Amino acid sequence: MSSLSEHRPGVRRELELTPTKGTSMATSPWWQGAVLYQLYVRSWRDSNGDGYGDINGITQQLDHLSWLGIDGLWLSPTMPSPDADWGYDVSDYTGVHPELGTLGDLDALIAEAGRRGIRVLLDLVPNHTSSAHPWFIDAASGRDAAHRDYYVWADPVPGGGPPTNWLDATGEPAWQWHPATGQYYLHNFLPAQPDLNWWQPAVHAEFRQILEFWFDRGVAGFRIDVAHGLYKDAELRDNPPLAPTSSDSDRLAGRFGQRPVYSANRPETHGVYRDWRKIAESYSPPRLLLGETWTGDLSSLASYYGDDDELQLSFNFPVVFARFPAELPDLVDETLAALPTGARPVWTGSNHDVGRFPSRWCHGDPARIRLALLILLTLPGTTVLYYGDEIGMTDVAVPAELQRDPMTQAGSPQGQRDRARTPMRWNGAPGAGFTGPTVTPWLPIGPAAVNVADQRGDPDSVLSLCRRLVDLRHGELGAGVAGYRRLASPPGVWSYTAGPLLVTANLAATPAAMPDQGAEILLRTGPAAAGLGPWEGVVARGG
Ligand code: GLC
C-alpha cells in the first residue's frame, strides 16, 4: 500500500554535546525540525525484573529509538521521590530515584544516547517539592526555620478558613492547615506537593544551581513541569468564577468552576525563564527549555517564548485538546500567527496526563491514527511523540483495583491517568518484552496484538509509517522544517506546503478527490488509489 520512492536518508545533525560552557551556536538549534520522544521511564523497559521500567532498560533499548530516528528524549521524572505523584513530588533535585537506577546509570544513558545522536532531557519540577524534601521538613519545623519562606504559608482569613478560594488539582482546597505552626501552606496539586515560594530569592538561587548541576553532566535540557505556575499572586486574591464550559478545549480556561487567574500564569514567572535562558545559552550547544505551558490562550502561550529570551519551546495544549482533525487547520494558522517571529511551535497529541491521541483524537481508528502521525510529523517546528504513539497504542482501561495514580482516582476532569502509562509493548509474548514473562508489571500491559516486533516486520504497519515520516522529516525537511503555507483546497481537505513537501489530508470519513498537484507522491497513509480515501493523508514532493 504506502508507496515511498527513494529519498535521501535522514540527515543527522552534529551530535556533540559537551558539558563545557561556551558561546551559543549561530546555526539552527538541534531541536529545530526535530522529533522528541517522551518516555515514561517506569513503563518503557524493566531491566531488573521488578515490574517497573528503569534507566538501564532505556539504555538497553536505544536501538529502537535510533532506528526510528528520534533526536531527543524527554524522560518522565527521574529524581528521588516518595511517589505520591509518581516522581512529580521531588525530594532531591540532584539525585536519581533508586528504583530507576543510579546517577552512574543516568550518565551512561546520556553517553550512550549521545553516541547515537540522541539527546536527553530531564523533567524539572520547580512549582512544588515533595513534603519529604529537606527544605519542607525544615520549613514545617517552625515559623523561624531557615527554609520557612521557601514555601507559601499564610494565616487563616479573619473568622477562620483558608486564605483564598483556590482549589488544587483534585478540586479540594489548595491550602493545608498545619497545626504545629498555626498556618496554612499552599499546594496546587496534592497536599504532599507543597508549592514553592518564588518571591523568595533563595529559591531562585537553588534552582540556578540545580540547572547547572544537570547541564554540567551533559543533560540537553529540561521539560519544565507546570511552567505556567511558579509565582502566585502576592496579594493572595481569590480566583474568579469560570463560565460553564462545553468543549474539551474550554477546559483549559480553568476547572472546578474557577479561572486560575491568581494561582497561575502570573507575569513575574517570565523573569524566571529569562534568567534560566541565560544559563541555558551559556552552554554549548545551548540547553533546551521546553515548558508545560497549560494555557488555552495562544497569546499567553506565545508569551512564554518572550522576545526569544525565555523558553525555546512551549507545549501547545489547545492543539492537544482540539477536535481532530477538523479544528487543526485553523489552530495551526492561529498558532503560527500568535508566536513571535522565529519561534518554533511544538506539536504533540499524547502525554502521561491527557491520554493518547490514538484514543482521544482517533477513537482507535487506524486510518485516523495514521493521518495524525502524518500531520504531527510534517508541521514546522518540533514534534513530540509519546512512547507508544509510534505503534498506535491506545489508552488501556485499567481496572480500579490496579490503578496506581492517586491524583486521578477520584474522577478527575482529565480522566484516570494510568490509562496512558501502561507498559510499552515490545512483542506479543507474556510480559510483552517489557518485563519477564512471570513478573507482574506495575500496570497492566494491554492488548498484546499491538506491539513493536510485529509492526517492525510489516511494511504497512503504523510503526513503519511513523519511521518513514520521521525519515522524511529529516531528509526532506532537514533542520529547517519551516515554510508552512496553507493552500486553497476543497472543503474537507487540508493542503499545505512544508519545506519542499506538499501535504494533503482528507479530514473526513468519506473519500475526496485528490487535488491536482502534479507532484511526485512520496507517501500515503492509505492504499494506492485515484483519490483520497477516508481520513487519508498524502505527502508529495514539489508540485
Ligand atoms: C504536571 C505533570 C503531572 C503532575 C503535575 C504536578 O502537570 O505533567 O503529571 O501530576 O504536573 O507535578
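Residues numbered from 1 in each chain as written. Predicted model: local features only at pLDDT ≥ 70, side-chain atom pairs only at ≥ 80, totals over all residues. Heavy atoms only, no water.

K.L.:
I'd love a proper account of the overall build of the protein, names of residues and values included.
P.N.:
Scanning the protein from N- to C-terminus turns up 13 helices and 16 strands. C-alpha atoms of the protein, sized along the principal axes, occupy 75 × 50 × 50 Å. Expressed as a percentage of its 543 residues, the buried residues of the protein come to 59%. Considering only contacts in the protein between residues 6 or more positions apart, those separated by 24 or more positions represent 68%. Total accessible area computed for the protein in this model is approximately 19100 Å², and 54% of it derives from carbon and sulfur atoms. (Helix = DSSP H or I, 4+ residues; strand = E, 2+ residues; numbered from the N terminus. Buried < 20%, exposed > 50% of the residue type's maximum accessible area, 1.4 Å probe, protein only. Contact = heavy atoms within 4.5 Å. Areas by Shrake-Rupley, 256 points an atom, 1.4 Å probe, with all protein chains shown as cover.)

K.L.:
Describe in detail the state of the cysteines, supporting the description with residues and values.
P.N.:
A complete count under the given rule lists zero disulfides for this structure. For C362, which is in no disulfide, the shortest distance to another cysteine sulfur is to C466 and amounts to 13 Å. Accessibility expressed as a relative area gives 0% for C362, which makes it buried. Residue C466 is classed as buried on the basis of its relative accessible area, which comes to 0%. (Disulfide = S-S within 2.5 Å.)

K.L.:
Can you lay out the site of the ligand for me, pointing to particular residues and giving the numbers?
P.N.:
In the neighbourhood of the ligand, 14 residues make up the surrounding shell, with D85, D225, E292, H352 and D353 lying closest. Between an oxygen atom of the ligand and a side-chain N or O atom of E292, the distance comes to 2.7 Å. Relative to its unbound accessible surface of 310 Å², the ligand loses 95% to contact with the protein. Grouping the amino acids of the shell around the ligand by side-chain chemistry returns four nonpolar, three polar and seven charged. (Near = heavy atom within 4 Å. Polar contact = N/O pair within 3.5 Å; in protein donor to acceptor, adjacent residues only side chain to side chain. Nonpolar A, V, L, I, M, F, W, Y, C, P; charged D, E, K, R; others polar.)

K.L.:
Describe the environment of L121, with residues and values.
P.N.:
In this structure, L121 sits in strand β3 (residues 119-124). Take L121: its relative accessible area is 0%, and that puts it in the buried class. Taking the C-alpha atoms as reference points, L121 and Y52, 69 residues apart in sequence, are found 20 Å from one another. Beyond its immediate sequence surroundings of up to four residues, L121 is in contact with W30, L36, L73, W74, L75, A220, G221, F222, L288 and L290.

K.L.:
Quick one: what's the story with the nonpolar core, residue by residue and with numbers?
P.N.:
Y37, L73, L75, F207, W276 and W494 are the most contacted members of the largest nonpolar core, which totals 138 residues. Considering each element in turn, this core owes the most residues, eight residues, to helix α13 (residues 462-477). Taken domain by domain, this core gets at least three of its residues from each of domain 1 (35-129 + 200-477) and domain 2 (134-186). A154, W166, A174 and L186 belong to the second largest nonpolar core, which has eight residues in total. (Core = buried A, V, L, I, M, F, W, Y, C linked by side-chain atoms within 4.5 Å. Domains from an automatic or database assignment.)

K.L.:
Before we move on, can you summarise the pairing of strand β7 (residues 221-224) with the specific residues and values?
P.N.:
On β7, burial covers both faces: G221 and R223 on one face and F222 and I224 on the other are all buried. Here β3 pairs with β7 via four bridges, running parallel. Bridge pairing links D123 to R223 in β7. Sheet topology places β7 next to strand β8 (residues 288-291); four bridges connect them, and they run parallel. (Pairing = 2+ DSSP bridges.)

K.L.:
I'd love a proper account of the confidence of the model for the protein, names of residues and values included.
P.N.:
For the protein, mean pLDDT is 92; residues scoring 70 or higher make up 91% of the total. Predicted confidence is poor over residues 1-26, with pLDDT under 50, and the contacts of this stretch with residues over four places away or in other chains come to 86 contacts. (pLDDT = per-residue confidence, 0-100.)

K.L.:
Outline helix α5 (residues 201-216), supporting the account with residue identities and numerical values.
P.N.:
Here α5 contains 16 residues, and its C-alpha end-to-end distance of 23 Å stays within 8% of the 22 Å for a straight helix at 1.5 Å per residue. Buried residues of α5: V203, H204, F207, I210, L211, W214 and F215, and no others. Axial view of α5: buried residues confined to an arc of 125°, hence all on one face. Pointing more than 90 degrees away from the buried face of α5 are the exposed residues P201 and Q209. Residues of α5 that are buried in the fold lie against α3 (103-115), β3, α4 (134-139), β7, α6 (269-281) and β8. Downstream of α5 by one or two residues, G218 has phi in the positive range, about 95°. (Expected span 1.5 Å × (residues − 1). Arc of directions from axis to C-beta.)

K.L.:
For the pattern of salt bridges, give the residues involved together with the corresponding values.
P.N.:
The full count for this structure, using the stated rule, is 29 salt bridges. Across the salt bridge formed by R266 and D233, the nearest N and O atoms sit 3.7 Å from each other. You can see R266 sitting in the loop between β7 and α6 and its partner D233 sitting in the loop between β7 and α6, a full 33 residues away along the chain. On the accessibility criterion, R266 (13% relative accessible area) is buried. Accessibility expressed as a relative area gives 5% for D233, which makes it buried. Between R419 and D395 there is a salt bridge, and its shortest N-O distance comes to 3.1 Å. (Salt bridge = Lys/Arg side-chain N within 4 Å of Asp/Glu carboxyl O.)

K.L.:
Can you break down the packing of α5 against α6 residue by residue, with the values?
P.N.:
It is at 11 Å that the axes of α5 and α6 come closest, and there the two elements cross at 30°. Taken as axis vectors, α5 and α6 run roughly parallel relative to one another. Here α5 and α6 pass one another in a crossing that is right-handed. Counting all contacts with α5, which are made through H204, F207, R208, L211, E212 and F215, the residues of α6 involved are V272, D275, W276, I279 and A280. Per-class residue counts for the contact of α5 with α6 are seven nonpolar, one polar and three charged. (Axes fitted to C-alpha atoms, helices over the stretch in contact; angles between N-to-C directions. Parallel < 35°, antiparallel > 145°, perpendicular 65-115°, else oblique. Left-handed = near helix turned anticlockwise from the far one by under 90°.)

K.L.:
So what about the packing of aromatic side chains? Which residues, and what values?
P.N.:
Taken as a whole and assessed by the stated rule, the structure comprises 35 aromatic pairs. In this structure an aromatic cluster arises from ring pairing among Y93, W135, Y150, W198, F207, Y273, W276 and Y304. In this structure, R148 packs its charged tip against the face of W153, placed 3.5 Å from the ring centre. For R456, the ring lying beneath its charged end belongs to W67, and the centroid distance is 4.1 Å. (Phe/Tyr/Trp six-rings, centres within 6.5 Å; stacked < 30°, edge-to-face > 60°. Lys NZ or Arg CZ within 6 Å of the ring centre and 35° of its normal.)

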